[in-house]
Structure formats: structure tokens, C-alpha cells
Amino acid sequence: MKQRARFSRTAVVGGAALALVLSLTGCGGDSDAAGDGAIHVLVYGDAANKVEKELVAAFNETSEVKVVLDTIPGADYQAKLQTIIRSEQAPDVFFNWGGGSIKPFVDAGLLLPLDPFIADDPGLKANFLPSVFNSAVVDGVSYGIPMRGTQPVLLFNNGKVLKKAGVEPPETWDDLLAGVKALKADGVTPIALGGGDRWPTLMWFEYLYDRIAGPELFQKALDGDKGAWASPDSRKALSMIRELVDAGAFGTNYDSVKFTDQGSPTLLATGRAGFELMGSWEYSTQQDAHPEFAKNDLGYSAFPSVEGGKGDRANLVGNTNNFYSVVKKTKHPQAVAEFLKLMYSDRFVKAQLSIGNLPTTTNTEGLLDTAASPEFAKFQYDMVKEAPAFQLSWDQAYPQSAATAMYQALQQFFNGSMGEDAFIEAMQALPTS
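These numbers come from a predicted model, not from an experiment.

Chemist: Can you help me understand the pattern of salt bridges in this one?
Modeler: Working definition: two side chains of opposite charge can pair if their charged atoms are close together. For the coordinates displayed, the defined rule picks out 15 salt bridges. We note a salt bridge from Asp-107 to Lys-103, for which the minimum N-O separation is 3.2 Å. Within this pair, Asp-107 and its partner Lys-103 are both found in helix α5 (residues 99–107), separated by 4 residues, close to a single helical turn. Judged by relative accessible area, which is 51%, Asp-107 ranks as exposed. A salt bridge links Lys-385 to Asp-382, with the shortest nitrogen-to-oxygen separation between them at 3.8 Å. In this pair, Lys-385 and Asp-382 both sit in helix α19 (residues 374–386), 3 residues apart, roughly one turn of the helix. Several salt bridges converge on common partners, so that one network encompasses Asp-46, Glu-52 and Arg-148.

Chemist: Mind showing me how you'd approach the sheet that holds strand β7 (residues 145–147) here?
Modeler: Strand pairing in a sheet relies on backbone hydrogen bonds. The paired strands run either parallel or antiparallel. Taking strand neighbours across the sheet as the criterion, the 5 strands line up as β3-β2-β4-β13-β7 in an open arrangement whose pairing is mixed. A strand with exactly one partner marks an edge of an open sheet, and here the two such strands are β3 (67–73) and β7. For this sheet the average axis-to-axis angle between neighbouring strands, irrespective of direction, equals 30 degrees. Of the strand pairs in this sheet, strand β2 (residues 39–45) and strand β4 (residues 93–96) are connected by 2 bridges, and their pairing is parallel. Bridge assignment links Leu-42 to a residue of β4, and that residue is Phe-94. Where helix α17 (residues 333–340) meets the sheet, it contacts β2, β3, β4, β7 and β13 (322–326), and its direction lies at approximately 165 degrees from that of β13.

Chemist: Help me understand the packing of aromatic side chains in this model?
Modeler: Any two aromatic rings considered together are summarised by their centre-to-centre distance and by the angle between their planes. Summed over the entire model, instances satisfying the criterion amount to 33 aromatic pairs. Relative to Phe-413, the ring of Phe-205 has its centre 6.1 Å away and its plane inclined at 65 degrees; by these criteria the two rings are edge-to-face. Of this pair, Phe-205 sits in helix α11 (residues 199–213) while Phe-413 is found in helix α21 (residues 403–414), placing the two residues 208 residues apart along the sequence. With centroids separated by 5.0 Å and ring planes inclined at 50 degrees, the aromatic side chains of Tyr-300 and Phe-379 adopt a geometry described as tilted. You can see Tyr-300 sitting in strand β11 (residues 298–301) and its partner Phe-379 sitting in helix α19, a full 79 residues away along the chain. Given a relative accessible area of 18%, Tyr-300 falls into the buried group. Of the residues examined, Phe-379 reaches a relative accessible area of 26% and is grouped as partly exposed. Over the face of the ring belonging to Phe-413 we find Arg-242, whose NZ or CZ atom lies 5.4 Å from the ring centre.

Chemist: Just checking my understanding: could you explain unusual backbone geometry for this structure?
Modeler: Phi is mostly negative for residues that are not glycine, and the peptide bonds are mostly trans. The phi dihedral of Asp-139 is positive, around 50 degrees, even though this residue is not glycine. Examined against the element boundaries, Asp-139 turns out to sit in the loop between β5 (137–138) and β6 (141–142). On the basis of relative accessible area, Asp-139 is assigned to the exposed category, the value being 62%. Positive phi values are uncommon outside glycine, yet Gln-262 reaches one of about 75 degrees. Relative to the helices and strands, Gln-262 is located in the loop between α13 (232–246) and α14 (263–269).

Chemist: Help me out: how do you make sense of the confidence of the model for the protein chain in this one?
Modeler: Atomic detail in the predicted coordinates should be set aside for any region of low pLDDT. The pLDDT averaged across the protein chain works out to 90; a share of 92% of its residues lies at or above 70. The model gives residues 1–35 a pLDDT under 50, and that stretch makes 143 contacts with residues more than four places away or in other chains.

Chemist: Could you clarify how one ought to interpret helix α3 (residues 49–60) in this entry?
Modeler: The α-helix winds at 3.6 residues per turn, so residues separated by three or four positions along the chain end up facing the same way. Spanning 12 residues, α3 covers 16 Å between terminal C-alpha atoms, matching the ideal 16 Å at 1.5 Å per step. Those residues of α3 not exposed but buried are Asn-49, Val-51, Glu-52, Leu-55, Val-56, Ala-58, Phe-59 and Asn-60. Packing partners of the buried residues in α3 comprise β2, β3, β7, β13, α17 and α18 (346–354).

Chemist: Mind showing me how you'd approach the pairing of β2 here?
Modeler: Where a strand is regular, its side chains alternate between the two sheet faces. Within β2, 7 of the 7 residues are buried, which leaves it mostly tucked inside the rest of the structure. Judged from the 7 bridges that link them, β2 and β3 form a sheet pairing that is parallel. Within the sheet, the bridge partner assigned to Tyr-44 lies in β3 and is Ile-72. For the handedness criterion, the β-α-β arrangement of β2, α3 and β3 is classed as right-handed.

Chemist: Hey, could you run me through the side chain of Thr-364 in this one?
Modeler: Along the polypeptide, Thr-364 turns up in the loop between α18 and α19. In this structure Thr-364 comes out as buried when scored by relative accessible area, which is 2%. Side-chain polar atoms of Thr-364 contact the backbone oxygen of Pro-359, separated by 3.0 Å.

Chemist: Would you mind going over the side chain of Ser-345 with me for this structure?
Modeler: Residue placement: Ser-345 occurs in the loop between α17 and α18. Reaching out from Ser-345, the side chain makes a polar contact with the backbone oxygen of Leu-342 at a distance of 2.8 Å.

Cut-offs used in this document
Residues numbered from 1 in each chain as written. Predicted model: local features only at pLDDT ≥ 70, side-chain atom pairs only at ≥ 80, totals over all residues. Heavy atoms only, no water. Salt bridge = Lys/Arg side-chain N within 4 Å of Asp/Glu carboxyl O. Helix = DSSP H or I, 4+ residues; strand = E, 2+ residues; numbered from the N terminus. Buried < 20%, exposed > 50% of the residue type's maximum accessible area, 1.4 Å probe, protein only. Pairing = 2+ DSSP bridges. Axes fitted to C-alpha atoms, helices over the stretch in contact; angles between N-to-C directions. Contact = heavy atoms within 4.5 Å. Phe/Tyr/Trp six-rings, centres within 6.5 Å; stacked < 30°, edge-to-face > 60°. Lys NZ or Arg CZ within 6 Å of the ring centre and 35° of its normal. pLDDT = per-residue confidence, 0-100. Expected span 1.5 Å × (residues − 1). Right-handed = clockwise from strand over helix to strand, strands pointing away. Polar contact = N/O pair within 3.5 Å; in protein donor to acceptor, adjacent residues only side chain to side chain.

See the structure below:
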């Protein structure tokens with residue numbers, strides 16, 4: 001499911017730095033409010049919860065203070081977190097996407113600085129890749145410990161469908177357009193899209209802007225340069241998105257399809273679509289819901305290049321990681337610190353690799369052969385290691401107050417109910433701080 005991150009005001013991570021380190025079903029309550037003396041850990045509900053359940057069970061075997069895992073279905077997570085974090089039902093620990101998603105909570109004084117934990121156990125920082133760990137550093141203070149793994153966005157495919165239509169994973173934009181034409185002629189939707197969730201639509205904008213303008217354009221916009229959205233490169237990206245949609249790449253019902261209810265992954269797995277652009281969690285989603293497909297026919301590749309574009313095809317967009325942050329009013333800080341140490345253990349790394357996730361711990365490289373698909377794990381690892389830039393998802397790079405207006409503009413431009421100029425104006429109006 002959707003999982004994202006950002007660090008402070010920087011939306012690009014250099015590949016050189018990465019290379020160096022890479023060689024609610026029931027809402028949780030604040031411990032006292034819940035009246036049970038436990039640590040409540042709130043997580044995004046999806047296929048990765050099986051690992052979180054395993055780690056909680058392991059922790060509870062030896063800890064006097066028990067952990068209770070509370071999940072909120074992915075589609076509802078952000079909205080419900082925003083509500084409960086300031087209430088008596090606030091959890092002790094909660095899943096998030098780093099800087100952009102937690103800065104409002106930091107500014108409101110709701111989060112516990114983790115530097116004292118790190119002083120007691122330097123491994124809480126030293127055992128993670130620095131470029132990833134820093135995604136949850138706000139104003140020089142640590143507020144998150146990496147969990148799950150890094151999540152670059154990849155172009156997934158159904159190998160059987162592509163073979164039947166004579167299509168190869170595209171290396172260039174023209175290859176993609178040709179593939180769309182061939183898949184349409186073969187009677188399948190070329191690209192599955194969970195447009196009803198809106199954030200999957202964003203991925204197409206993120207990659208096209210990167211390939212055409214390089215990562216610098218988005219960074220300028222994030223830094224407050226409103227002119228970036230009206231630049232020739234921006235308009236070119238919008239025209240290419242319009243070209244792809246008008247070519248019928250996504251069919252006609254994409255706004256009624258969701259990723260979060262298994263709609264778009266099922267289209268891919270059952271052969272009704274050829275491609276899906278999605279975060280690397282697509283693998284764990286398919287492994288959980290369609291294991292035979294994940295094993296035999298799920299393919300993946302980098303997003304194609306754009307001729308004449310300024311962005312390197314090795315550039316990535318997506319999420320550096322997810323994080324656990326701690327609510328300041330927890331009554332069990334020492335037990336929480338012990339729980340967080342599990343996030344760099346070999347047990348954690350192996351469990352995440354087993355469902356297709358790629359942890360960002362310093363011991364990950366030596367355990368890649370234990371992954372559910374060592375080939376997929378190594379493919380991701382090499383991509384992240386070699387990426388000249390890793391641009392963070394726009395909806396996490398911008399303040400959370402910008403998300404609704406951003407999603408609306410993206411969806412309306414994509415489905416043709418908003419023109420290019422109106423889209424540019426909408427993006428220029430987004431708050432950047």
C-alpha cells in the first residue's frame with residue numbers, strides 16, 4: 001500500500017551518498033487513556049502487517065510492557081491519523097513517511113525527540129543508511145526510526161500478457177506508446193491505474209516531470225518558485241501526460257478503480273492489464289493476493305526515458321522509507337526504545353525481504369539471498385544504489401495541508417476536466433510551508 005517519505009526541505013537524494021552506504025479496525029489509544037498499560041503502535045493496514053505482527057509477538061515474549069498493534073486500512077490512514085494524533089486516543093508509536101508528514105506534529109510539540117534514545121543506543125542511527133535516516137530529521141532533531149523498507153516506484157508488468165501482445169518492457173517513451181497501442185489491439189487495458197485513490201495517478205506526473213526537467217524543477221517549486229510550474233518543461237510534461245491518457249492507455253474507468261481495495265493489482269494479475277506503475281510494495285501486495293502470479297509472471301522495469309529530456313533514466317521517484325515516530329506523552333519511553341531496536345535486527349530484515357520489501361539497514365546487503373525473490377531484491381537494491389537522484393513523492397514533500405488540493409488538480413487534469421493553465425495555477429497555489 002501506499003507508503004511515502006521526505007526529508008526536511010530536500011526532495012533529492014544523491015546516488016553517490018546512497019552508493020557509499022548501500023555497498024483501523026481498532027484505533028490505538030494512548031497507554032493511560034487505553035487503561036491497559038501497553039504500548040500502542042499504529043500502522044498502515046496492508047499486506048506488510050504480517051511482519052509487524054511477527055515482530056510484536058517476538059517483543060512481547062520477553063517484555064513486561066506489551067505492544068498492541070493497531071491497524072487502520074490504508075485508504076483511511078492519513079485522515080484518521082490527523083484526527084487521533086491530537087486526541088486522547090493517540091498511539092504511543094505510529095507509522096509515517098518522514099519529514100513532510102510529521103513536521104506539523106513536531107511544530108505542535110506532539111512528538112518525542114529520539115536523540116536521547118540514540119545516545120543510549122547509537123545503533124538506532126548507525127545501523128541505518130544515513131541518507132534514509134535523515135528523512136525523519138526535522139530542524140536537526142531525530143523524530144523517526146526507519147521501518148519496512150525503501151520504496152522506489154517501478155513499472156510492473158504481466159509477462160504473459162506482454163508476450164501475447166508482442167510487447168517488451170519499454171526503455172523509451174516511444175516504446176511505451178507503441179506498447180499501449182499493441183495491448184489495446186490485443187483487447188486488454190494497457191495500464192492498470194487506481195485513479196480512485198488519486199495518489200497512483202501522481203506517480204505518472206512525478207516521473208514525467210523528472211524525465212523531462214530533471215529533479216531540479218520540482219525542487220524549485222518546493223522551495224517556493226511558483227514559476228517552475230509554468231515553465232516550458234512543465235508544459236511539455238503535461239502535454240505528454242495528456243497524450244498518454246488520450247491514447248487510451250488507462251481505459252475509461254480508471255477513476256472508479258482503486259489500488260487500496262485490490263482493484264488495480266487484480267487487473268494486472270488476472271491479465272486484464274499489461275502494466276501498472278506502482279511502488280515496490282506491489283510485489284508484497286501481489287505475493288499476498290496472487291502468489292502464483294507473483295512467482296511466475298510478475299515483471300518489473302525502470303520508468304522509460306524521454307528523448308531530449310534532462311532527467312537520467314536511472315533517477316527514481318517514490319519513498320526513501322517509512323518510519324516509526326513516538327508521541328511525547330507515552331508513559332513507556334524505555335520500552336518503546338527497546339521495541340525500536342528490532343527495526344535493525346536480522347530478524348526484521350529477513351522478514352521484510354520475505355515479502356518483497358527492501359530494508360535500509362546496513363546489514364541488508366548480506367541478507368538479500370534470503371528474500372522471497374532475490375532477483376527482485378537485488379534489482380531494487382542496485383537501482384537505489386545507482387540512482388543519481390531519488391525524488392520524494394510530491395504529496396509527502398509538500399505539507400499535508402497541500403494534499404487535498406494537489407490530488408484534486410492531478411485527478412482533474414488527468415481526466416480532462418481541468419486544462420493545462422488551470423492545473424498550473426492550482427499547483428502554484430499550494431502551500432509550501
